[in-house]
Amino acid sequence: MSSNESSLPMSSLPTSESPGAVASFAPVTPPPRLRLSDMVYEQLETMVVEGRLAPGSALPSERDLAQQMGVSRPSLREALLRLESRGLIVGRAGGGYLVANASQPLLAEPLSQLMSRHSKTVDDVLEMREVLEAKAVELAAARATPEDIARLAQALEALELAYAAGRDGLDGEGDARGQSLLTRVPELDAHFHLALAEATHNLVLVHLMHAIFELLRGSVVDNYRAIVGHGADLAELIDQHRRIFTAVASHDATLAQRSLREHLTFIRNHSGDVEPV
């Protein structure tokens, strides 16, 4: 999956590392009998729901945001405080706000605890990924815009470069190299899959993938450890991502689904407690 310091449209890398388009804010003109702060709140709330403001992404400064929206800073501040009270944005150290991933604690944290206690959930996560991601790559192949494809290419390049650096020992020696291959590379792998979801332009699917991102990332890390432990070819795993990307970029939904399923089958066949298919 994908990795600049920012975030998705809903990836880009929808954590703070996701690549994503820069959000554009429209001037606000309130209709009669509505407060300006209400209109500011509604625009920002809509942008969060529609994924134009992704979880983990930073809002502009109050001054810049007020200028873009053509409103006073008091009206903007009132709207921001309301968004914060709703859990849609959170304050960050040093000032400013980040878009919250409000549903993640409700979904990912209980599931992560469940996985830590029951090994069968490893296979369950792969089944869940096949259900969601097989449809996601089909939709991405049909709907991906040039901007989506550029973000996917960026996510893929980050993954391939990190793998090459770890493999060749360019990012450290011994334990440092091994930790890169088993932590940094899997994280970028997860971001690539998140970028695929964002390219579907299905708001519910994108929000769901963001909500379970930490679960996905943890699962991918475990998969890499199992694959390395089984002596499987990690280079093949990386190459599978390029095949998925090529199919999506070519708008070939059938090939994209086949490539995704081959990818997940490879993982299943080399995951510790899961029986080979």
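Residues numbered from 1 in each chain as written. Predicted model: local features only at pLDDT ≥ 70, side-chain atom pairs only at ≥ 80, totals over all residues. Heavy atoms only, no water.

Identification of the protein chain as Pyruvate dehydrogenase complex repressor from Pandoraea eparura is taken from an unreviewed UniProt entry. In its Function (unreviewed entry) section, UniProt records this for the protein chain: "Transcriptional repressor for the pyruvate dehydrogenase complex genes aceEF and lpd." (UniProt positions renumbered as here; feature names shortened; annotations may be inferred.)

Trainee: Explain the pattern of salt bridges to me, please; I cannot follow it from the model alone.
Mentor: Opposite charge on two side chains permits pairing when their charged atoms draw close. Within this structure, the stated rule accounts for 15 salt bridges. Between Arg 268 and Glu 130 there is a salt bridge, and its shortest N-O distance comes to 3.9 Å. In this pair, Arg 268 is assigned in helix 11 (residues 253–269) and Glu 130 in helix 5 (residues 121–143), connecting sequence segments 138 residues apart. Residue class for Arg 268 comes out buried when judged on its relative accessible area of 10%. For Glu 130, a relative accessible area of 23% translates into the label partly exposed. As a salt-bridge pair, Glu 160 and Arg 242 come within 2.9 Å of each other at their nearest N and O atoms. Highlighted residues: Glu 160 in helix 6 (residues 146–168) and Arg 242 in helix 10 (residues 234–249), separated in sequence by 82 residues. (Salt bridge = Lys/Arg side-chain N within 4 Å of Asp/Glu carboxyl O. Helix = DSSP H or I, 4+ residues; strand = E, 2+ residues; numbered from the N terminus. Buried < 20%, exposed > 50% of the residue type's maximum accessible area, 1.4 Å probe, protein only.)

Trainee: Sorry, what's going on with the environment of His 193 here?
Mentor: Looking at the secondary structure, you find His 193 in helix 7 (residues 175–198). Each C-alpha atom of the pair His 193 and Ile 244 lies 9.9 Å from the other, and the pair is 51 residues apart in sequence. Only 3.5 Å separates the side chain of His 193 from the side chain of Arg 129, close enough to count as a polar contact. In terms of polar contacts, His 193 uses its side chain to reach the side chain of His 241, at 3.4 Å. (Polar contact = N/O pair within 3.5 Å; in protein donor to acceptor, adjacent residues only side chain to side chain.)

Trainee: Sorry, what's going on with helix 11 here?
Mentor: Side chains that are three or four residues apart share a direction in an α-helix, a result of its 3.6 residues per turn. The terminal C-alpha atoms of helix 11, which comprises 17 residues, lie 24 Å apart, in line with the 24 Å expected from a rise of 1.5 Å per residue. Along helix 11, the positions that sit buried rather than exposed are Ala 256, Gln 257, Ser 259, Leu 260, His 263, Leu 264, Phe 266, Ile 267 and Arg 268. Here helix 11 starts with a cap whose side-chain oxygen sits 3.4 Å from the backbone nitrogen of Thr 254, and that cap is Asp 252. (Expected span 1.5 Å × (residues − 1).)

Trainee: Is there a simple way to explain the side chain of Gln 240 in this structure?
Mentor: Mapping Gln 240 onto the fold places it in helix 10. The class for Gln 240 is buried, based on a relative accessible area of 4%. A polar contact is formed between the side chain of Gln 240 and the side chain of His 263, at a distance of 2.7 Å. Every residue in contact with Gln 240, bar those within four places of it in the chain, is listed here: His 263 and Phe 266. (Contact = heavy atoms within 4.5 Å.)

Trainee: How do you make sense of the nonpolar core when you look at a structure like this?
Mentor: For soluble globular proteins, the rule of thumb is that nonpolar side chains tend to be buried together. With 49 residues, the main nonpolar core has Leu 152, Val 185, Phe 192, Met 209 and Tyr 224 as its most contacted residues. Going through the elements one at a time, helix 5, helix 6, helix 7, helix 8 (203–211), helix 9 (213–229), helix 10 and helix 11 are the ones with two or more residues in this core. Considering each element in turn, this core owes the most residues, 10 residues, to helix 7. Residue contacts for Met 209: discarding those within four places in its chain leaves Leu 132, Glu 133, His 193, Leu 194, Ala 197 and Leu 216. (Core = buried A, V, L, I, M, F, W, Y, C linked by side-chain atoms within 4.5 Å.)

Trainee: Would you mind going over unusual backbone geometry with me for this structure?
Mentor: With the exception of glycine, the majority of residues adopt a negative phi angle, and the majority of peptide bonds are in the trans configuration. A positive phi angle is found at His 201, which is not glycine, with a value near 60°. Tracing the sequence through the fold places His 201 in the loop between helix 7 and helix 8. Positive phi, normally seen in glycine, also occurs at His 251, with a value near 60°.

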